[in-house]
Amino acid sequence: MATQWEYVTVPLIIHATKAILDQWGADGWELVTVIQGPDAGLVAYLKRPKAV
């Protein structure tokens, strides 16, 4: 069976980017990409294997 994924989007605060990503990483989330959001801020897209 193929791995199933769950995803989350997280707004990034520029002065706390590392702390935010470190916290989500500690919870098992892997960074997929970061894009510019609609309000000129950054948005991180993360994934992790879905619990079966």
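Before reading further, recall that the structure is shown in the block above.
The notes below deal with the structure included here.

Reading guide: rules and limits
Residues numbered from 1 in each chain as written. Predicted model: local features only at pLDDT ≥ 70, side-chain atom pairs only at ≥ 80, totals over all residues. Heavy atoms only, no water. Helix = DSSP H or I, 4+ residues; strand = E, 2+ residues; numbered from the N terminus. Salt bridge = Lys/Arg side-chain N within 4 Å of Asp/Glu carboxyl O. Contact = heavy atoms within 4.5 Å. Pairing = 2+ DSSP bridges. Axes fitted to C-alpha atoms, helices over the stretch in contact; angles between N-to-C directions. Phe/Tyr/Trp six-rings, centres within 6.5 Å; stacked < 30°, edge-to-face > 60°. Buried < 20%, exposed > 50% of the residue type's maximum accessible area, 1.4 Å probe, protein only. Lys NZ or Arg CZ within 6 Å of the ring centre and 35° of its normal.

**So, unusual backbone geometry**
Item 1. At A40, a residue that is not glycine, the phi angle is positive and equals roughly 75 degrees.
Item 2. Along the chain, A40 turns up in the loop between β2 (30-36) and β3 (42-49).

**Quick look at the pattern of salt bridges**
Item 1. Scanning the model with the defined rule gives two salt bridges in all.
Item 2. Close ionic contact of R48 with E6 constitutes a salt bridge, the shortest N to O distance being 2.8 Å. Taken together, the residues span a long stretch of sequence, with R48 in strand β3 and E6 in strand β1 (residues 5-12) at a distance of 42 residues.
Item 3. A salt bridge links K18 to D22; the shortest N-O distance between them is 2.4 Å. Of this pair, K18 and D22 both sit in helix α1 (residues 17-26), separated by four residues, roughly a single helical turn.

**Points about the environment of A44**
Item 1. Relative to the helices and strands, A44 resides in strand β3.
Item 2. Residue contacts for A44: discarding those within four places in its chain leaves V8, T9, V10, L12, L21, L31, T33 and V34.

**Regarding the sheet that holds β3**
Item 1. In spatial order, the strands read β1-β3-β2; together these three strands make up an open sheet with antiparallel pairing. Taken across any chain shown, the strands that pair with only one partner, and hence form the sheet edges, are β1 and β2. Across the sheet, the axes of successive neighbouring strands diverge by a mean angle of 20 degrees, strand direction being ignored.
Item 2. Examined bridge by bridge, β2 and β3 share six bridges and lie antiparallel to one another. Residue I35 lies in a different strand from β3, and its bridge partner there is V43.

**Here's the deal with the packing of aromatic side chains**
Item 1. The tally for this structure, following the rule as stated, stands at one aromatic pair.
Item 2. Between W24 and W29, the aromatic rings sit 5.8 Å apart at their centres with planes inclined by 70 degrees, giving edge-to-face as the arrangement.
Item 3. When its relative accessible area of 11% is taken as the criterion, W29 is described as buried.
Item 4. Above the ring of W5, the side-chain terminus of K47 is found at 4.0 Å from the ring centroid.

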